[in-house]
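# Coordinates in review
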Amino acid sequence: MPRHRWRIACLLGFGVLVNYFDRVNLSVSHAALYTTFGISNITFGYLSGAYNWTYAMCQLPVGVLLDRFGVRRVGRISTLLWSIASFGAAVTPSIPGFFAARLLLGVGESPTFPANAKAIGLWFPSKERSFATSIFDASAKLASAIGVPLIGVLLLKFGWRWSFAATGLVSLLYFALFSKIYRDPNAETTLTDSERQYIAEGSQITLAHNPEPSKASLGYLIRQRKVLGMAIGFGAYNYVFYLLLTWLPSYLSAALHIDLLHSFLYTSVPWLFATFTDLMAGLVSDALIQRGWDASRVRKTVLVSGTTFGLGILGAAHAHTAVRALIWISISIGGLAAASPIGWSIPSMIAPRGSVGTVGGIINLSNQLSGIAAPIITGYVVAETKSYSWAFGISAIYLLLGISSYLFLLGKIEQIAPEPAS
């Protein structure tokens, strides 16, 4: 059977890879920005979170826009905006200018994950969605694994401005590819009849020209226990993710006294492991479901157990060598990475028809509030205590809250009832 849908999954994966090159660029540039602008740890924490401020503010409207205008139209505009933001960071003469570039980056990248979740719901039947989701989700981890050392070497050789310019060029390349390749299944003329029919079985759409299903309102969706359970649980995951995304090179350098180049190289170790667990979780989950295992139980087990492994961050709080720190951090981010593709496949499974983008936006709003909080809280804690122990401990407390939300609020992974007619 032709597999155009997997071409779409790989395209989305490449987009997330580029997306996260833009994000990790700042963490790699910490020392260089200190040299250029004299910023403190607290200022760096705010600068790291600036991207997430606009990203979070855009999540609810972006979800509604995706459900109204579609993945292709919103995706093209957003990709162009984040390309401009990368070039803006490269040429900024001041910290306020840098803040402005990061704020624009948040606007541009805000549709990425809700759009990808919606696209996977359109292009894949339910039994393939976990692995399809893991392709783009694992790219977020792979970006840190290969992006930190690559951008680090580029920065050390040519300076931080060139590293931001380079990510801007790669972003423009993705804009061109996305504009050329992506269409929804209904609009894709090269899709064979056999694959069209295969996708329609268990998909969020019927691949015929049927009227668009009525959408549930934002107010209705945000009151649903399943949506709240996912929002809190995924928010806990993203807190740890952004703590490590923004502070891991600095932690290895400052707390464990590793030189800057080696801290860039060592940073890739846990992210490579996370890339592997992300892909394996999606692959194994789909394999078990296709063999007849209960789909909700399989996904819930991976979601809860993966988040539980995230508590390994506590081990890093008391590590005194690079090897021990990397082992514990790998366990933590590896477990969370395994839970992540399952989490991102869930909006297309619990949302009423026509509302996947809005549900994805609600969940990602919670994610980005955590993304705002993690680097800022960490900056204050490290500045006050001169240690990362409490910073890691706070993230573990949040993970326990997230695990409880999955267990007691999410319930069975099944579609929410349509909103009653008023």
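See above for the structure.
What comes next is a walk through the structure. Because the structure is predicted, anything quoted here is derived from the model rather than measured.

Now for the overall build of the chain. Looking only at helices and strands, the chain features 18 helices and 0 strands. Its C-alpha atoms give the chain a radius of gyration of 20 Å, near enough to 22 Å, the size a compact globule of 422 residues would have. For the chain, the C-alpha atoms occupy an extent of roughly 60 × 45 × 40 Å along the three principal directions. A burial count over the chain gives 60% of its 422 residues as buried. The long-range share in the chain, meaning contacts at least 24 apart out of those at least 6 apart in sequence, stands at 86%. Counting only carbon and sulfur atoms, one obtains 67% of the accessible surface of the chain, whose full area is about 16300 Å². Charged side chains of the chain number 30 positive and 18 negative; the gap between the two group centres comes to 2 Å.

Now for unusual backbone geometry. Of note, the phi angle at lysine 386 is positive, near 60°, even though the residue is not glycine. Secondary-structure assignment places lysine 386 in the loop between α17 (356-385) and α18 (389-410).

Counted at 1.5 Å a residue, the expected span for helix α11 (residues 225-254) with its 30 residues is 44 Å, and the 42 Å between its end C-alpha atoms agrees. Along α11, the largest kink reaches about 60° and is centred on tryptophan 247; proline proline 249 follows within four residues of it. Of all 30 residues in α11, 25 are buried, a share of seventy percent or more.

Further remarks concern the nonpolar core. If you look at the biggest cluster of nonpolar residues, it comprises 120 residues, and the most contacted ones within it are Tyr20, Tyr182, Met230, Phe241, Leu244, Tyr251 and Trp271. For this core, the element with the most residues is α11, which contributes 16 residues. Those residues in contact with tyrosine 20 that lie beyond four places of it in its chain are Phe113, Ala140, Ala143, Phe241, Tyr242 and Leu245.

Using the criterion set out here, one finds 4 cavities of 30 Å³ or more in the structure. Space inside the largest cavity adds up to approximately 100 Å³. If you go around the largest cavity, you meet 13 residues; those closest to its centre are Gly75, Thr79, Thr112, Asn116 and Tyr174. By residue number, the principal contributor to the lining of the largest cavity is helix α4 (residues 71-91), which donates 5 residues. In this structure, the second largest cavity spans a volume of roughly 80 Å³. Tyr20, Phe113, Asn238, Trp344 and Asn367 are the residues nearest the centre of the second largest cavity, which is lined by 15 residues in total. Of all elements in the fold, only α1 (4-28), α7 (129-158), α11, α15 (322-345) and α17 reach the threshold of two or more residues within the lining of the second largest cavity. Along the lines of polarity and charge, the residues of the lining of the second largest cavity split into 7 nonpolar, 5 polar and 3 charged.

Bringing helix α8 (residues 160-181) into the picture now. The end-to-end C-alpha distance of α8 is 32 Å, a good match for the 32 Å that 22 residues give at a rise of 1.5 Å each. All buried positions along α8 are accounted for by Trp160, Ser163, Phe164, Ala165, Thr167, Gly168, Ser171, Tyr174, Phe178, Ser179 and Ile181. In this fold, the buried residues of α8 make contact with α1, α2 (30-37), α4, α5 (95-109) and α7.

Per the stated rule, a full pass over the model turns up 5 salt bridges. A salt bridge links arginine 5 to glutamate 195; the shortest N-O distance between them is 3.0 Å. Here the residue arginine 5 occupies a position in helix α1, and glutamate 195 occupies one in helix α9 (residues 193-200), the gap between them amounting to 190 residues. Judged on exposure class, the residue arginine 5 and its partner glutamate 195 are both buried. Salt-bridge contacts for lysine 118 lead to aspartate 67; the nearest nitrogen and oxygen are separated by 2.9 Å. In this pair, lysine 118 sits in helix α6 (residues 112-123) while aspartate 67 sits in helix α3 (residues 41-69), placing the two residues 51 residues apart along the sequence.

Turning to its location among the elements, leucine 409 is positioned in helix α18. Remark: the alpha-carbon pair of leucine 409 and methionine 230, spanning 179 residues in sequence, is separated by 8.1 Å. Apart from residues no more than four positions distant in its own chain, leucine 409 is found in contact with Arg225, Lys226, Leu228, Gly229, Ile232 and Ser404.

The rules behind each value
Residues numbered from 1 in each chain as written. Predicted model: local features only at pLDDT ≥ 70, side-chain atom pairs only at ≥ 80, totals over all residues. Heavy atoms only, no water. Helix = DSSP H or I, 4+ residues; strand = E, 2+ residues; numbered from the N terminus. Rg over C-alpha atoms; globule rule 2.2 N^0.38 Å. Buried < 20%, exposed > 50% of the residue type's maximum accessible area, 1.4 Å probe, protein only. Contact = heavy atoms within 4.5 Å. Areas by Shrake-Rupley, 256 points an atom, 1.4 Å probe, with all protein chains shown as cover. Lys, Arg positive; Asp, Glu negative; His and termini not counted. Charge placed at Lys NZ, Arg CZ, Asp CG, Glu CD. Expected span 1.5 Å × (residues − 1). Bend = angle between axes of the 7 residues up to and from the residue. Core = buried A, V, L, I, M, F, W, Y, C linked by side-chain atoms within 4.5 Å. 1 Å grid on protein atoms, 1.4 Å probe; cavity = no way out; pocket = protein on both sides within 12 Å on 5 of 7 lines; lining within 4 Å. Points joined across faces, edges and corners; volume = space filled by probe spheres on them. Nonpolar A, V, L, I, M, F, W, Y, C, P; charged D, E, K, R; others polar. Salt bridge = Lys/Arg side-chain N within 4 Å of Asp/Glu carboxyl O.

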